[in-house]
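# Inside the fold
Now for the letters of each chain:
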Amino acid sequence: MSTLGLLALGAVGGVLAASVGIPAGGLVGSLVAVGGFNLLREREDRLPDSFRVFARVVLGTVIGSLVTVELLRSVGWWSLLAVGAAVLLVLVGLACAAVLRRTTDCDRRTAIMAMSPGGLSEMAALSEELGCQASLVVAIHMVRKLLITVVAIVVLTAVTTGLL
Amino acid sequence: MTELDPLLTILAGLAGGLGFHRLRLPGGSIIGALLAAGALHLWQPQLEPLGPGIRTAAQILIGTSIGAATTRQPFRELTRMRWPVTWLLLGMVVVTSAFGAALGTWTELSLGTIWLATLPGSINDVVAVALDFEQDVGLIAAFHVVRQIFVLGLVPWLVIRATERGP
């Protein structure tokens, strides 16, 4: 299938998933649509490098546009704490990646990307660029998103209702 | 704000992303675009963040690219490694929760706010939970944005360093 055809299929899946409110719907919907199509016909394609670079640049631009003076003000003197928390999470991620690599046959690059606590879209894009198994990284990050959201809701509900 | 403002942000992002990509820095295309767009927005504070439509478009481009190269192999691997992955992710939650609890006792922030701020979850999902439970959404979102930018800047370099000795 041509790049344009795959892009059209991805757009349909992405827009559908985003419109029904699935988190990171654009990514998940297009991946499921195009990936599912490829699994059904049992072949894979490789889109042009320029296409993939453009996609990553657009994503980086979107994140960069969120950096505002208001954001820096709201973090204020908590910024050191925020950076400390980020450092801790990266270290915990690296430790988990080391265990994952030892307990499974996952390669080192994929294990680090899968256990790094970044955003789903950003980790997906970076994984592709760094030559990891991007589909596996996306799948593990989706499990992380789901698991942590469920844990957060359960714990906060237990605390607010006096169960914990 | 004018109609040209988003175009200005995109042009800055393109210049930064393509510039860093040409320098062959790990993760250069994302990080270059992020730095250029971020610098522009700090320099011109009247510029507004790009709308959710552009973010969805970027996600579709990336999802299509990954989907096109998808085979059955990663799903077989995830099935095989489901228990190590689940336990490791739960361990990650326990460690970060302990850190959040410690910060909650040392600072005047509410325990719920600092716990949600330090969880390794998705910014959109955690903020949605914070809204429901009436926590400090602005601070929580800021912590998660700092983490995502930090991870984006550091992890590609760590991956390259960690794999210099082999896969």
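First things first, this report covers the structure right here in the doc.

What counts as what
- Residues numbered from 1 in each chain as written.
- Chains lettered and ligands numbered in written order.
- Predicted model: local features only at pLDDT ≥ 70, side-chain atom pairs only at ≥ 80, totals over all residues.
- Heavy atoms only, no water.
- Helix = DSSP H or I, 4+ residues; strand = E, 2+ residues; numbered from the N terminus.
- Buried < 20%, exposed > 50% of the residue type's maximum accessible area, 1.4 Å probe, protein only.
- Areas by Shrake-Rupley, 256 points an atom, 1.4 Å probe, with all protein chains shown as cover.
- Lys, Arg positive; Asp, Glu negative; His and termini not counted.
- Charge placed at Lys NZ, Arg CZ, Asp CG, Glu CD.
- Contact = heavy atoms within 4.5 Å.
- Core = buried A, V, L, I, M, F, W, Y, C linked by side-chain atoms within 4.5 Å.
- Buried area = accessible area lost by both parts, 1.4 Å probe.
- Salt bridge = Lys/Arg side-chain N within 4 Å of Asp/Glu carboxyl O.
- Polar contact = N/O pair within 3.5 Å; in protein donor to acceptor, adjacent residues only side chain to side chain.

For chain B, the count of helices and strands is eight helices and zero strands. From first element to last, N terminus to C terminus, chain B shows the α and β order α-α-α-α-α-α-α-α. For chain B, the spread of C-alpha atoms along the principal axes amounts to about 45 × 45 × 30 Å. Buried residues in chain B amount to 50% of all 167 residues. Working note: accessible area of chain B is about 8,000 Å², and carbon and sulfur atoms make up 66% of it. Between the mean site of the 10 positive side-chain charges and the mean site of the 10 negative ones, chain B shows a separation of 23 Å.

To continue, consider the overall build of chain A. Within chain A, the regular secondary structure consists of eight helices and zero strands. Walking chain A from its N terminus toward its C terminus, one meets helices and strands in the order α-α-α-α-α-α-α-α. Structurally, chain A occupies a C-alpha span of about 55 × 45 × 35 Å along its principal axes. Relative to its 164 residues, chain A shows a buried fraction of 54%. Of the contacts formed within chain A by residues at least 6 apart in sequence, a portion of 49% connects residues at least 24 apart. Carbon and sulfur atoms provide 71% of the accessible area of chain A, an area that totals close to 6,900 Å². Distance from the positive charge centre (12 side chains) to the negative charge centre (10 side chains) of chain A: 5 Å.

Membership of the largest hydrophobic core comes to 57 residues, with the highest contact counts inside it found for Leu-100, Met-113, Met-115 and Ile-140 of chain A together with Ile-62, Ile-66 and Met-81 of chain B. If we ignore the near neighbours within four places in the chain, the residues touching Leu-100 of chain A are Cys-106, Ala-111 and Met-115 of chain A together with Met-81, Pro-84, Val-85 and Leu-88 of chain B.

This brings us to the interface of chain B and chain A. The interface of chain B with chain A comprises 95 residues on the first partner and 106 residues on the second. Interface area for chain B against chain A, summed over the two sides, is near 9,000 Å², with a carbon-plus-sulfur share of 79%. Ranking the residues of chain B by area buried against chain A places Leu-61, Ile-66 and Leu-88 of chain B at the top, with a combined share of 7%. Here chain B and chain A share two salt bridges between them. Viewed at the interface, chain A and chain B are joined by 14 residue pairs in polar contact (both at pLDDT 80 or more). Where the side of chain B that touches chain A is concerned, the elements lending two or more residues are helix 1 (5-22), helix 2 (28-43), helix 3 (52-68), helix 4 (73-80), helix 5 (82-106), helix 6 (111-118), helix 7 (123-132) and helix 8 (137-162) of chain B. The element that contributes the greatest number of residues to the side of chain B that touches chain A is helix 8 of chain B, accounting for 19 residues.

A few words on unusual backbone geometry. If a residue is not glycine, its phi is most likely negative; likewise, a peptide bond is most likely trans. The phi torsion at Glu-134 of chain B lies on the positive side, around 55°, for a residue other than glycine. Its location among the elements puts Glu-134 of chain B in the loop between helix 7 and helix 8.

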